[in-house]
Amino acid sequence: MFLLWNIASVVEKTIFEKIISREIPANIVFENDIAVIIRDINPQAPVHVLIIPKRRIDRIEAAQDGDVELLGKLLIMARDFAKSHNLTGFRLVINNGKQAGETAPHLHIHLLSDRLMGWPPG
Ligand code: 5GP
């Protein structure tokens, strides 16, 4: 039973895979061959988008050494999004694990902007 549950959690699509395959709607603001950028459904800042690789990596701790190029490209996409939207101050966040606030088990980078941000983060 435990094995079946484990297999199901691997086979079952994540919310972001369903968005990428257009099974569920989202406000997709940019897409290329490796990733999409969508508006967060529950924005925590006037600008709050998620940069999501099309190939599922559960979270940053599950990334492989071979993912270095993909991970770099995601940051470059964040840079380009900020530049094209004239965002000079912005914050990039990756939540890894429940304790850090991860709710969606498919790696994504939050880009937040257009409000004053506190430090340390909550
Ligand atoms: P995490 O908590 O894993 O770091 O971030 C997951 C993010 O995905 C949250 O900010 C949440 O609001 C967002 N999110 C969850 N479900 C959906 C959805 O169906 N559509 C969109 N656009 N964002 C979602």
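Throughout what follows, the structure given in this document is the object of discussion.

What counts, and at which threshold
Residues numbered from 1 in each chain as written. Predicted model: local features only at pLDDT ≥ 70, side-chain atom pairs only at ≥ 80, totals over all residues. Heavy atoms only, no water. Core = buried A, V, L, I, M, F, W, Y, C linked by side-chain atoms within 4.5 Å. Buried < 20%, exposed > 50% of the residue type's maximum accessible area, 1.4 Å probe, protein only. Helix = DSSP H or I, 4+ residues; strand = E, 2+ residues; numbered from the N terminus. Contact = heavy atoms within 4.5 Å. Near = heavy atom within 4 Å. Polar contact = N/O pair within 3.5 Å; in protein donor to acceptor, adjacent residues only side chain to side chain. Nonpolar A, V, L, I, M, F, W, Y, C, P; charged D, E, K, R; others polar.

Once that is clear, we can look at the nonpolar core. Counting 17 residues, the largest nonpolar core has Ile-51, Leu-74, Phe-81 and Leu-111 as its most contacted members. Secondary-structure elements contributing two or more residues to this core are strand S2 (35-39), strand S3 (47-53), helix H3 (68-84) and strand S5 (109-113). It is H3 that contributes the most residues to this core, six residues altogether. Here Phe-81 is in contact with Val-29, Ile-37, Arg-39, Val-47, Val-49, Leu-87 and Leu-111, once residues within four sequence places are set aside.

Right, let's get into the site of the ligand. Neighbouring the ligand are 16 residues; Arg-39, Asp-40, Asn-95, Thr-103 and His-110 lie closest to it. Backbone polar atom of Gly-101 to an oxygen atom of the ligand: 2.9 Å apart, as the coordinates give it. One of the side-chain N or O atoms of His-108 is found 2.9 Å from an oxygen atom in the ligand. Ranked by residue count, the leading element in the shell around the ligand is helix H2 (residues 15-20), at three residues. Per-class residue counts for the shell around the ligand are seven nonpolar, six polar and three charged.

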